[in-house]
Amino acid sequence: MITFDANKKLFCITNKSISLFIHVNSIGLLETFYFGKYEENIEFPKYEYDNFSKTFYDTQTKTECVYEDSYSNRFSRMELADHGLSDNRPAPLILQKSNGDYSTSLTYVSHEIYQGFPRYEKGPHVVGENGETLCILLKDEFSETYVKYNISISKDADIVVKNFEITNKNKTPVNILRAMSYELDLEHDKRDITANGII
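Source: prediction; values computed, not measured.

(A) Molecular detail of the sheet that holds strand β1 (residues 2-5). Here 4 strands make up an open sheet; going across it, the order is β1-β2-β3-β4 and the pairing antiparallel. The open sheet has two edge strands, β1 and β4 (30-37), and neither has a second partner. Across this sheet, the average inter-strand angle for adjacent strands is 15°, counted without regard to direction.

In structure tokens form, the structure reads like this:
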């Protein structure tokens, strides 16, 4: 149901009815390559964009660089968009640091795949073992804040459940200005979408 191709850095989340493909790109951001009816394999998307969207400023080397893969900070479909940087899409998670800065960019650290759904003491959640969960550990580029991004899929229903677990390892508080359970960045197309029981 959930697999990871280490060579392509590509997660496939499927139950043979629906499929979600998520790519870890060259700078560690999560891109949504495909979400829809079941597909066994997909081609990497190709974007037509200006050269401006292919460059970025590397804060560690303090130089202007070019992305190594097809990623574009304006056109790629993001699983989790940045906030306060060059991406103007609404980000699902915004963290404000003690110095007032609210730039947020979550990059890949590691992942695990396990049977069943996450268990929580409080709040609504899915229970049972009739599914699988991908837990992606992410780190905010601008702080010592870590996020567990859980994506669960049911084996026998077209249901994908997403949520965050946020851990502050900074010596100062971090304010959570926004925390939405998912971002849905799709290609332009006619679709019927049900979210939170509303069509």
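This is not the end of the story, as more comes after the structure.
(B) Main features of the packing of aromatic side chains. Inspection of every chain in the model, using the stated rule, returns 3 aromatic pairs. An angle of 25° between the planes, with centres 5.3 Å apart, marks the rings of Y149 and F164 as stacked. Linking Y149 in strand β10 (residues 145-154) with F164 in strand β11 (residues 160-168), this pair joins segments that are 15 residues apart in sequence. Directly above the aromatic system of Y146 lies the positively charged group of K139, at a separation of 6.0 Å from the ring centroid. Taking the ring centre of Y146 as reference, the NZ or CZ of K169 above it sits at 4.8 Å.

(C) Broad picture of the pattern of salt bridges. Counting across every chain of the model gives 4 salt bridges. Of the charged contacts, one joins K162 and E79 as a salt bridge, the two residues approaching to 2.6 Å between their closest N and O atoms. Placement of the pair is K162 in strand β11 and E79 in the loop between β6 (63-66) and β7 (93-96), with a sequence separation of 83 residues. The partner of E144 in a salt bridge is K139, with the nearest N and O atoms 3.5 Å apart.

(D) Region of the structure containing the sheet that holds strand β8 (residues 106-115). With antiparallel pairing, 4 strands are arranged side by side in an open sheet as β8-β9-β10-β11. Each of the sheet's edge strands pairs with one partner strand only, and the pair in question is β8 and β11. Mean inter-strand twist for the sheet, computed between neighbouring axes without regard to direction, equals 20°. Here β10 pairs with β11 via 9 bridges, running antiparallel. Considered in β11, the bridge of V147 is made with I166.

Each value, and the rule that gives it
Residues numbered from 1 in each chain as written. Predicted model: local features only at pLDDT ≥ 70, side-chain atom pairs only at ≥ 80, totals over all residues. Heavy atoms only, no water. Pairing = 2+ DSSP bridges. Helix = DSSP H or I, 4+ residues; strand = E, 2+ residues; numbered from the N terminus. Axes fitted to C-alpha atoms, helices over the stretch in contact; angles between N-to-C directions. Phe/Tyr/Trp six-rings, centres within 6.5 Å; stacked < 30°, edge-to-face > 60°. Lys NZ or Arg CZ within 6 Å of the ring centre and 35° of its normal. Salt bridge = Lys/Arg side-chain N within 4 Å of Asp/Glu carboxyl O.

Without other data, these values stay purely geometric and don't point to any function.
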